[in-house]
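# Remarks on the overall topology
Read off the chains here:
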Amino acid sequence: MVGPHPEFIPPARPIIGEAEIEAAVRVLRSGRVVQGPEVAAFEEEFGDLVAGRHCVAVNSGTSALQLTLMALGLGPGDEVIVPSFSFAASANAVRLVGAEPVFVDIEPGSFCLDPEAVAAAVTPKTAAIMPVHLYGHPAAMDRIMAIAQQHGLAVVEDAAQAHGAELNGTPVGAFGTAGCFSFYPTKNMHSLEGGMVTTADAELARTLRLLRNQGMEQRYANEIVGANMRMTDVAAAIGRVQLTQLAEWTEQRRANAKFLDSAITGMLTPPVADGAKHVYHQYTVRVRGDRDAAQARLTELGIGNAVYYPTPIHRLKPYLTEDGTPGAWDLPETERAAAEVVSLPVHPSLGQADLERIAEGANLAGGAR
């Protein structure tokens, strides 16, 4: 039996430094720990990342998606166009408000929604489009926004993996009706747990603030039915520290990806669309041959790796039809990606020696000559 490699390179490495620890302790000592000044400051500062939009902090990226759909008034009878090649939270948020996800295919290069497939999926029931900026690559927002405007649809960007990504100079989270970010520990920046909704609509932002806090702006003056999806001040304080380092970490991820692009020949490296700024939450390659064997070889060589996502959402149990089948979805690029992709380490903690090992291992695992 092969044991763990003595110099294992993890696929991701959450960064928690002394500054984050000190920020958390400072808030704990202050006694202001929930929905206080740290949250307000984090919202203000995060706005600089999304072209000055209103920002509403919540307790997770999933909550950000769900509350946004609630604030937009979506519910039973509404359809939301989403990719099946994504984390389940994208579609779960739709179901949680009683609406129905309509799965469409992806572009093979970006792994994001195919605008042509989006246009073909619009029906009278369609209320919104949810592009996912998967792996840190921006979706084709110019074309998607044109479709939305033509049909009067809301656009909710799932930017959980794309902090700081851009398309033609516009940051993700600043295109649609709203953008939703996650601050889970393995994201490009984190707050241990947390999320953020960004929007140019002041009324929508106010509704989101009500919904996250039991429907009230003033204590006991409940205006609507809401939930408890607030961000803690401890999380916000950590997020503020991380935000100051995001630009540096992003450039390191991009530099790491550039090296891997140049050095990996045994697998298909990820292309980047014209005008796109990819922030490489994941560095996702396609394996030409036996992916299971390639992953086993990578692991044997001490190179962390993972498949995001091995089962498209439309094939997950909650989304099967009553007879237990995936239904009549025609998603060939989604199925192909799910069968071929594997993500390699690209995080900013990697050194040059790590990168060289990752590239060498990928070439060996992929059968490079």
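Below is a summary of the structure that appears in this document. Treat the numbers as computed from the prediction; the structure is a model and nothing was measured.

## Observations concerning the overall build of the protein chain
Looking only at helices and strands, the protein chain has 11 helices and 12 strands in total. On C-alpha atoms alone, the protein chain measures out to a radius of gyration of 21 Å, which is about the 21 Å that the 2.2 N^0.38 rule sets for 369 residues. Along the first, second and third principal axes, the C-alpha atoms of the protein chain reach 70 × 55 × 40 Å. Taken across its 369 residues, the protein chain has 54% of its residues classed as buried. Put simply, of all contacts in the protein chain between residues at least 6 apart along the chain, 70% involve residues at least 24 apart. Taken as a whole, the protein chain presents about 15,700 Å² of accessible surface, with 52% of it coming from carbon and sulfur.

## Re the pattern of salt bridges
For the coordinates displayed, the defined rule picks out 16 salt bridges. Among the ionic pairs, Arg 297 bridges to Glu 300, the shortest N-O distance being 3.2 Å. Taken as a pair, Arg 297 and Glu 300 lie in helix H9 (residues 291-300) at a separation of 3 residues, close to a single helical turn. With relative accessibility at 30%, the residue Arg 297 sits in the partly exposed group. When its relative accessible area of 43% is taken as the criterion, Glu 300 is described as partly exposed. Its salt-bridge partner being Glu 340, residue Arg 336 comes within 3.3 Å of it at the nearest N-O pair.

## Things to note about a nonpolar patch on the surface
Residues Ile 16, Ile 21 and Leu 192 make up a contiguous nonpolar surface patch of about 250 Å² in total accessible area. Secondary-structure assignment places Ile 21 in helix H1 (residues 18-30). Taking the relative accessible area as the measure of exposure, Ile 21 reaches 40% and is therefore partly exposed.

## Describing the packing of aromatic side chains
In total, this model carries 13 aromatic pairs according to the counting rule given. Pairing Phe 103 with Tyr 319 gives two aromatic rings, centres 5.9 Å apart and planes at 85°, and the pair type is edge-to-face. On the criterion of sequence distance, the pair formed by Phe 103 in strand S3 (residues 100-104) and Tyr 319 in the loop between H9 and helix H10 (332-340) is long-range, its members being 216 residues apart. There is no split in this pair, since Phe 103 and Tyr 319 are both buried. Relative to Tyr 309, the ring of Tyr 308 has its centre 5.8 Å away and its plane inclined at 70°; by these criteria the two rings are edge-to-face. Each member of the aromatic cluster is reached from another via a ring pair, and the members are Phe 85, Phe 87, Phe 111, Tyr 135, Tyr 308 and Tyr 309.

## A short note on unusual backbone geometry
With an omega of 15°, the peptide bond running from Tyr 308 to Tyr 309 counts as cis. Within the fold, Tyr 309 resides in the loop between H9 and H10. Residue Gln 35 is not a glycine yet carries a positive backbone phi of 50°. Relative to the helices and strands, Gln 35 is located in the loop between H1 and helix H2 (37-46). Owing to a relative accessible area of 25%, Gln 35 belongs among the partly exposed residues under this scheme.

## What about the sheet that holds strand S4 (residues 126-129)?
Taking strand neighbours across the sheet as the criterion, the 7 strands line up as S1-S9-S8-S5-S4-S2-S3 in an open arrangement whose pairing is mixed. Whereas interior strands pair on both sides, the edge strands pair on one side only; in this sheet they are strand S1 (54-58) and S3. Direction aside, neighbouring strands of the sheet carry axes that sit 25° apart on average. Bridging between strand S2 (residues 79-83) and S3 involves 5 bridges; their strand directions are parallel. Across the sheet, the residue bridging to Val 82 is Phe 103, located in S3.

## Description of helix H8 (residues 233-263)
Its 31 residues give H8 an end-to-end C-alpha distance of 43 Å, which sits within 8% of 45 Å, the value for a rise of 1.5 Å per residue. Of all the bends in H8, the greatest, near 50°, is centred on Gln 245.

Rules and cut-offs
- Residues numbered from 1 in each chain as written.
- Predicted model: local features only at pLDDT ≥ 70, side-chain atom pairs only at ≥ 80, totals over all residues.
- Heavy atoms only, no water.
- Helix = DSSP H or I, 4+ residues; strand = E, 2+ residues; numbered from the N terminus.
- Rg over C-alpha atoms; globule rule 2.2 N^0.38 Å.
- Buried < 20%, exposed > 50% of the residue type's maximum accessible area, 1.4 Å probe, protein only.
- Contact = heavy atoms within 4.5 Å.
- Areas by Shrake-Rupley, 256 points an atom, 1.4 Å probe, with all protein chains shown as cover.
- Salt bridge = Lys/Arg side-chain N within 4 Å of Asp/Glu carboxyl O.
- Patch = residues over 30% accessible without salt bridge, like charges linked within 9 Å, V, L, I, M, F, W, Y side chains within 5 Å.
- Phe/Tyr/Trp six-rings, centres within 6.5 Å; stacked < 30°, edge-to-face > 60°.
- Pairing = 2+ DSSP bridges.
- Axes fitted to C-alpha atoms, helices over the stretch in contact; angles between N-to-C directions.
- Expected span 1.5 Å × (residues − 1).
- Bend = angle between axes of the 7 residues up to and from the residue.

These results come straight from atomic positions and should not be treated as a statement about function.
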